[in-house]
Amino acid sequence: MEEGLHHKLTGINSSLPYFLPEVILVGGIILIVFVGLFNIGKKELLMRVLAAVMLALVLYFDIRQWLHEDNVRQLFLDMVTLDRAAILWKILFGTGGLFTVLMGFKYRGWYDKSGEYYALMLSVVFGAHLVAMASNLLMIFIGIEVISISSYILTTFSFNKNSTEAGLKYLLFGAAASGVMIFGMSWLYAFTGSLAFTEQSFLEMLMKADALPLIIASLFVTAGLLFKISAAPMHIWAPDVYTSAPTPVVAFFSIVPKLAGFAILVRWMLVIKLFGFSPVDWAAVLAVVAMLTIAIGNFSALWQNNAKRMLAYSSIAHSGFLLIGLVAFSELAIQSLLFYAAIYILMNVAAFIYVSYLEREYNIINIKDYKGFVRTSPLIATVLVVIMISLTGLPPTAGFTAKLLIFSALWDGYAATDHTMMLYLLIFGLLNAVVSLFYYLKIPYFMIFKEGAHEGKAKKLYTIENFLGFFMVLALLILFFKPDGLMRMINSVSFAF
Amino acid sequence: MLNDYLLSTLIFLPLTAAVIIALLPQPAKQFYKYIALFVCFVQLILAGVIYFGFNHNLQGVREIESFQYTEFTPWINFELASLGKLSANYFVGVDGLSVTMVLLSVVVLLIGVVSSWNITEKAKGYFSLYLVLNAAIIGCFVALDFLLFYLFFEFMLLPMYFLIGLWGGPRRDYASIKFFLYTLLGSVLILIVMIMLYLSVVDPAATAVELNLASNIENVSPDIVQQVQDMLLARQVPVENLVHTFNMVYMTDPGNYIPNSVMDVQVVRELLGQPARLLAFLLLFIGFAIKIPVVPVHTWLPDAHVEAPTPISVVLAGVLLKVGAYGLIRTGYLIIPDGAIHYAWWIGLFGVISIIYGAMCALASRDLKKLIAYSSVSHMGFVLLGLASLTSEGVSGAIYQMVSHGIISAALFLIAGVVYDRSHNRIIENYSGLASKMPKYSIFVIIFFFASMGLPGFSGFIAEVFVLLGSFSSSVVNGLIPRWMTILAATGLILSASYYLWTIQRMFFGQFFTKGPVEANSLTDINRREYLMFIPLFVLALLLGIFPGLILDLINQSVSLFVETVNNHEFKIPHNN
């Protein structure tokens, strides 16, 4: 008994060094909450800088792990697994978090609540870090809940009736989804007697389980995860939340929690596919979900007048494109998914940066308000055109490379398995790229083709948002002409297939 | 030295100039057009160097070593997980099939700048976009790597969209987005085939290097290539050593296809109930048919032309349509010849339909520019018919028609532009007896109308005769095109004579008067700048009509190899031994 306890304690103790980014995150959350208690001058600035520094540190240590960690490590009594795939995801989350803090530097919407805001944001990044490494069903649940509960509160940070309503709706739907997920997990526990879902014995027990209960349980868990990535038909929370939450929060929601969902879905699919012995045809199920998601995202975006809402719907469509990686589900597919995710962070954050920048500086909210903007600032207009082209997936931007890769993976999956659903998804997805052009082009169309009231002087150009935005657009162009480096980085991640 | 980077200079010179124009301050406004003119003029000189340095005996087509002015630089290289490696290269070069297109583009683009001389509104945007378009067009014609080709192909869309949408006529919004959506739809279909192809084809030279059969790509001999292909067939190449390539020349060799891959001929893979290769050809055909355009996917063209400003119409009809036909030749016909043969009858049929339907629409058009736009549809139908016949005469005729139509249609759109510049109205019935009011203009109109309807002595005649000869002999040579198609196509000539003559009669002969919004005083005869555009085009149309050797000498060797390659293609299912 004492021996076991000692063993556990040393296990935890020896795990801690590998948990540095997470420890910093927790420390940062506590620090920000603590500093937020005091009434000091320039508190808001302090908070922002503190959050940015913390996230930069997290990113630094994530990257250090990437450079120095080649082994797969089971940590904290096998609750989490630190492998290169997890580290790569963590780098993406850290980057997404840092970008969001930087883009929100000028945002004034949350008045005196910036302490709470940044603490919650770091919590989401923390939850995402946990989820990326989870190798135990309970760990998944804890990570997802950390993300979700913080997200419910962040939704209400516009402090008006709409955002409170959206927050409450999100909470209700989210709680239901979590309930369904944990219910499914409890069944799986009943089949296997274990929660360590990456272990061999878990798989073996699952293979022995009856088909029908297994189908129900695995669909329940998957549905809970699909809820997080706003995949149809579990997307109904998204429009409300995306409309009423503050713009930086929406940008944040469209990357970190969503990609966290993908991180765990990849790991989860590896298990639940049971090496092809699953009674569920996952490729078909996910292909239908992907098609629905793309269609709903795209066709809802078509009718939007509000730029932010249009981007929000389009990010649902991008969930569908990312899902293609899970449909094809080969090593190439997962690598393409990671590539797409990295590019998606760049282009989506860049788009949101300019939407919120223009909203603040020029009071441009609806797509029609972009009228004639090219004459105010040709530079920003050009940058926005590149971003929109990248979101559509046209060359010469990395958005094209991402789509090329993910569709190549899908094609390869089809060629290998002859699964007709994949072919339908391929055709459907590519045709939807044409549909998406129609709404992405609206912003350049109004900016450039329409005469507008924006003949006024350009506002200050040297803001942190513009630097960030230019950097991202530059990255989007460079990653089209030279994707080799990023791809080589992703190539070095191995997946057990 | 110059020859080593000739094609890159052709591509990157306008791009650089576009950036310079974009960065120049507003007061430098009046210099934009001079920069553009200078760039296009330098391109003309470089094209002259290409023309005179071009070796007529090197065939290109499917022989990678006989392309000329080639440049090769590795571009994208990374691992494709369990599939091996991906390799895309900056690989450009010309052969007989593409050199004429490069020459044509350079000429038409230069004329386009002259025609843009009076554009002062948003001149900075206009000339930089024009130069970007210029670079993309040249890039399309010289790219030998599918990804590179696709990049340039897509890259034409955005400048074109803005050029039509910003400087166009009253319904430019509708026309520009229609153009963009149609063409993007086409390129998505091409993208599918590109994915299918690069996942199926390997680069034998790079694979040899991967297999340590050679130390670097320069040291790969034909023997080693053969060895790699044999190993590939015997499935002895480990997957991680396969180098997937976008190289369009390698794609023409059945030996480079991975056994059992989707595009491989050995196993007939079925997609949606169609053999994969045939479906791929169909997708390429539809994709490029939108660009050519072929009836019934031509409907973007009249709108785009009517709304586009004159110089953009000139470039659109003169060069952009040829990109579609050239793309079909370079990818569809050469990479999937089995599909080309299988669908030859249908391609010929759509060619004939385009000829007749386009001519009928032209006959019914009230707008002069629309009439010319439909006549483009009709004349591009000949290109399709010539290609479908797969005879030397037919294919030479098709390429000749592309050049000839490039020159003549450019002139025709300039003609429509002259009237529109003066009166801002192009409705045919609003004019009468222009011959007495604008005699010099009328002479050019009549010359180019006759050239376009195929009067002997002009380039159009040679082209159409070759196409008709080729398609007529096809039923004997390879049995692809039935005779009635040729006969029907020939009636298209009568139709084209009728709409041109009828237009001449209505607009230029008889008593001079104008109707509607047209002010008689505004109709002045052509000025010096317009002479400058019409005369070179006239000289070219005449020269090519009298000395067909100017073009034929360039293309003959390549065309005969092309015809032989496609007719006797090796993409056949081998018999069981």
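Residues numbered from 1 in each chain as written. Chains lettered and ligands numbered in written order. Predicted model: local features only at pLDDT ≥ 70, side-chain atom pairs only at ≥ 80, totals over all residues. Heavy atoms only, no water.

Threshold: UniProt positions are given in the numbering used here, feature names are shortened, and annotations may be inferred rather than shown by experiment.
An unreviewed UniProt entry lists chain B under the name NADH-ubiquinone oxidoreductase chain M, with Fulvivirga imtechensis AK7 as the source organism. Recorded in UniProt for chain B, the comment headed Sequence similarities (unreviewed entry) runs: "Belongs to the complex I subunit 4 family."

Named according to an unreviewed UniProt entry, chain A is NADH-quinone oxidoreductase subunit N originating from Fulvivirga imtechensis AK7. The record held by UniProt for chain A lists under Subunit (unreviewed entry) the comment "NDH-1 is composed of 14 different subunits. Subunits NuoA, H, J, K, L, M, N constitute the membrane sector of the complex." A UniProt comment under Catalytic activity (unreviewed entry) is attached to chain A, and it reads "a quinone + NADH + 5 H(+)(in) = a quinol + NAD(+) + 4 H(+)(out)".

**What to know about the overall build of chain B**
The line we're drawing: Helix and strand definitions follow DSSP, with helices as H or I runs of at least four residues and strands as E runs of at least two, each counted in order from the N terminus. For a compact globule the rule gives 2.2 Å times the number of residues to the power 0.38, and the radius of gyration it is set against comes from C-alpha atoms. Working definition: with a 1.4 Å probe on protein chains only, accessible area under 20% of the residue-type maximum means buried, over 50% means exposed, and in between means partly exposed. Whether two residues are in contact is decided by their heavy atoms, any of which lying within 4.5 Å being enough.
Secondary structure summary: chain B contains 22 helices and seven strands in total. At 24 Å, chain B has a C-alpha radius of gyration in line with the 25 Å of a compact globule built from 577 residues. Along the longest, intermediate and shortest principal axes, the C-alpha atoms of chain B span 80 × 60 × 40 Å. In chain B, which comprises 577 residues, the proportion classed as buried is 65%. In chain B, the share of contacts with a sequence separation of at least 24, taken over all contacts with a separation of at least 6, comes to 80%.

**Considerations on the overall build of chain A**
Applied cut-off: Surface accessibility in these figures is a Shrake-Rupley result with a 1.4 Å probe; residues are shielded only by whichever protein chains are displayed. Asp and Glu count as negative and Lys and Arg as positive, but His and the ends of the chain are not part of the count. For charged residues, the charge sits on one atom: NZ in Lys, CZ in Arg, CG in Asp, CD in Glu.
Secondary structure assignment for chain A yields 21 helices and two strands. In terms of overall dimensions, chain A is globule-like: its C-alpha atoms have a radius of gyration of 22 Å, near the 23 Å expected for 497 residues. On the principal axes, the C-alpha backbone points of chain A span a range of 75 × 60 × 45 Å. Burial statistics for chain A: of 497 residues in total, 64% are counted as buried. When contacts within chain A are restricted to residue pairs at least 6 apart in sequence, those whose partners lie at least 24 apart make up 80%. When the accessible surface of chain A is split by element, carbon and sulfur atoms take 68% of a total near 17,700 Å². The average position of the 32 basic charges and that of the 28 acidic charges among the side chains of chain A differ by 12 Å.

**Structural notes on the pattern of salt bridges**
The cut-off we apply is this: What makes a salt bridge here is a side-chain nitrogen of Lys or Arg within 4 Å of a carboxyl oxygen of Asp or Glu, nothing more.
Using the criterion set out here, one finds 21 salt bridges over all chains in the structure. The residue A:Lys169 makes a salt bridge to A:Asp240 at a minimum N-O spacing of 2.6 Å. On the criterion of sequence distance, the pair formed by A:Lys169 in helix H7 (residues 161-192) and A:Asp240 in helix H10 (residues 237-244) is long-range, its members being 71 residues apart. What makes A:Lys169 partly exposed here is its relative accessible area of 31%. Between B:Asp338 and B:Arg277 there is a salt bridge, with its nearest N and O atoms 2.7 Å apart. Taken together, the residues span a long stretch of sequence, with B:Asp338 in helix H13 (residues 337-342) and B:Arg277 in helix H10 (residues 276-291) at a distance of 61 residues. Just as B:Asp338 is buried, B:Arg277 falls in that class too. Each of B:Arg171, B:Lys178, B:Asp303 and B:Glu307 takes part in a single network of salt bridges with overlapping partners.

**A look at the UniProt feature "domain: NADH:quinone oxidoreductase/Mrp antiporter transmembrane" (unreviewed entry) in chain A**
In the numbering adopted here, UniProt assigns the feature "domain: NADH:quinone oxidoreductase/Mrp antiporter transmembrane" (unreviewed entry) to residues 134-416 of chain A. End C-alpha to end C-alpha, residues 134-416 of chain A measures 30 Å, and it is 80% helix and 0% strand.

**Structural notes on unusual backbone geometry**
Residue and element names in this part refer to chain A. For the bond from alanine 232 to proline 233, the omega torsion is 0°, close enough to zero to count as cis. The topology assignment puts proline 233 in the loop between helix H9 (211-228) and H10. Of note, the amide linkage connecting proline 395 to proline 396 takes the cis form, showing an omega dihedral of 5°. A positive phi is found at serine 230, a non-glycine position, where the angle reads about 50°. You can see serine 230 is positioned in the loop between H9 and H10.

**Some details on helix H2 (residues 20-36) of chain A**
Residue and element names in this part refer to chain A. The cut-off we apply is this: Here the expected span of a helix is defined as 1.5 Å times the quantity of residues minus one. Note: the arc covers the axis-to-C-beta directions of the helix.
Over its 17 residues, H2 extends 24 Å from the first C-alpha to the last, a length consistent with the 24 Å expected when each residue adds 1.5 Å. Taken together, the buried positions of H2 are occupied by Pro21, Glu22, Ile24, Leu25, Gly28, Ile29, Ile32 and Val35. Viewed along the axis of H2, the buried residues span an arc of 160°, placing them on a single side of the element. Each element contacted by the buried residues of H2 is listed here: helix H3 (43-68), helix H4 (84-103) and helix H5 (114-133).

**Observations regarding the UniProt feature "domain: NADH:quinone oxidoreductase/Mrp antiporter transmembrane" (unreviewed entry) in chain B**
All names here are of chain B. With numbering matched to this structure, UniProt assigns "domain: NADH:quinone oxidoreductase/Mrp antiporter transmembrane" (unreviewed entry) to residues 143-200 and 269-480. Annotated as 86% helix and 0% strand, the span residues 143-200 places its first and last C-alpha atoms 20 Å apart. Within residues 269-480, the helical portion is 79% and the strand portion 3%, while the C-alpha atoms at the span's ends are 25 Å from each other.

**Some remarks on the domain arrangement of chain A**
Residue and element names in this part refer to chain A. To keep it simple, the criterion reads: Residue ranges assigned to each domain were obtained from an automatic or database domain assignment. Put simply, buried area is the surface a 1.4 Å probe can reach on two separate parts but cannot reach once they are joined, added for both. For this analysis, a polar contact is any N or O atom pair within 3.5 Å, provided that within protein one partner can donate a hydrogen and the other can accept it, and provided that sequence-adjacent residues contribute only side-chain to side-chain pairs.
Partitioning chain A into structural domains gives domain 1 (1-280) and domain 2 (285-497). Summarising the inter-unit geometry, the C-alpha centres of domain 1 and domain 2 are found 24 Å apart. Taken together, the 39 residues of domain 1 in the interface contact 46 residues of domain 2. Of the roughly 3,900 Å² buried where domain 1 meets domain 2, counting both sides, 80% is carbon and sulfur surface. Between the two partners, domain 1 and domain 2, sit zero salt bridges. In this structure, the connection of domain 1 to domain 2 is made through eight residue pairs in polar contact (both at pLDDT 80 or more).

**Description of the packing of aromatic side chains**
We apply this condition: In this analysis, rings of Phe, Tyr and Trp, with Trp reduced to its six-membered ring, are considered paired at centre separations within 6.5 Å, and the interplanar angle assigns stacked below 30 degrees, edge-to-face beyond 60, and tilted for intermediate values. Should the NZ of a Lys or the CZ of an Arg lie within 6 Å of a ring centre and within 35 degrees of the ring normal, that charge is described as sitting over the ring.
Tallied over the full model, the rule gives 58 aromatic pairs over all chains. On the numbers, 5.9 Å between centres and 40° between planes, the contact of A:Phe183 with A:Phe220 is tilted. In this pair, A:Phe183 sits in helix H7 while A:Phe220 sits in helix H9, placing the two residues 37 residues apart along the sequence. Note on A:Phe183: relative accessible area 40%, which makes it partly exposed. Overall, the relative accessible area of 29% leaves A:Phe220 in the partly exposed class. Ring pairing ties together the aromatic residues A:Tyr152, A:Tyr170, A:Phe227, A:Trp237, A:Tyr242 and A:Phe253, which thus form one cluster. Stacked on the ring of B:Trp502, the Lys or Arg B:Arg506 has its end atom at 3.7 Å from the ring centre.

**Observations regarding the packing of helix H16 (residues 392-423) of chain B against helix H18 (residues 439-452) of chain B**
The description of two packed helices rests on the angle between their axes and on the distance between the axes. All names here are of chain B. To be explicit about the condition: Every axis corresponds to a line fitted to the C-alpha atoms, with the helix fit spanning only the stretch in contact, and the corresponding angles, defined between N-to-C directions, vary from 0 to 180 degrees. If you view the pair so one helix is near and one far, a crossing is left-handed when the near helix is turned anticlockwise from the far one by less than a right angle, and right-handed when it is turned clockwise. Residues are sorted three ways: Asp, Glu, Lys and Arg are charged, Ala, Val, Leu, Ile, Met, Phe, Trp, Tyr, Cys and Pro are nonpolar, and all the rest, Gly among them, are polar.
The N-to-C vectors of H16 and H18 enclose an angle of 145°; their axes lie 10 Å apart at closest approach. Between H16 and H18 the crossing geometry is left-handed. Across the interface between the two elements, Ile408, Ala411, Leu412, Ile415, Val418 and Val419 of H16 pack against Tyr441, Phe444, Val445, Phe448, Phe449, Ala451 and Ser452 of H18. A class-by-class count of the residues in the contact of H16 with H18 yields twelve nonpolar, one polar and no charged.

**Some words on the packing of H5(A) against helix H11 (residues 247-272) of chain A**
All names here are of chain A. For the record, the criterion: An angle below 35 degrees is read as roughly parallel, one above 145 as roughly antiparallel, one from 65 to 115 as roughly perpendicular, and any other as oblique.
One way to put it is that H5 packs onto H11 with a least axis distance of 8 Å and a crossing angle of 15°. Classified by the interaxial angle, the pair formed by H5 and H11 is roughly parallel. Regarding H5 and H11, the two cross each other, and that crossing is left-handed. Contacts between H5 and H11 involve Tyr117, Met121, Val124, Val125, Ala128, Val131, Ala132 and Met133 on the former and, on the latter, Pro248, Val249, Phe252, Val256, Pro257, Ala260, Ala263, Ile264 and Arg267. Of the residues in the contact of H5 with H11, the class split is 16 nonpolar, no polar and one charged.

**Thoughts on empty space enclosed by the protein**
We apply this condition: The rule is simple: put a 1 Å grid over the protein atoms alone, call a set of points where a 1.4 Å probe fits but cannot get out a cavity, call an open set with protein on both sides within 12 Å along at least five of seven lines a pocket, and count a residue as lining if it has an atom within 4 Å of a point. Grid points are joined across faces, edges and corners, and a volume is the space filled by probe spheres set on the points.
A complete count under the given rule lists six cavities of 30 Å³ or more for this structure. If you add up the space inside the largest cavity, you get close to 90 Å³. Around the largest cavity, the lining residues are A:Thr392, A:Gly393, A:Leu394, A:Phe400, A:Lys403, A:Leu430, A:Ala433, B:Tyr150, B:Glu154, B:Leu184, B:Val188 and B:Leu191. Those elements giving two or more residues to the lining of the largest cavity turn out to be helix H17 (398-417) and helix H18 (420-440) of chain A together with helix H5 (146-155) and helix H7 (172-200) of chain B. Its residues assigned to classes, the lining of the largest cavity comprises eight nonpolar, two polar and two charged.

**Observations regarding the layout of surface pockets**
Computed from the structure, the largest pocket encloses a volume of approximately 2,000 Å³. Lining the largest pocket are 47 residues, and of these A:Thr382, B:Ala22, B:Ser128, B:Leu129 and B:Val132 lie nearest its centre. Broken down by element, the lining of the largest pocket gets its largest block of residues, eight residues, from helix H16 (residues 378-392) of chain A. Residue classes in the lining of the largest pocket are distributed as 36 nonpolar, seven polar and four charged.

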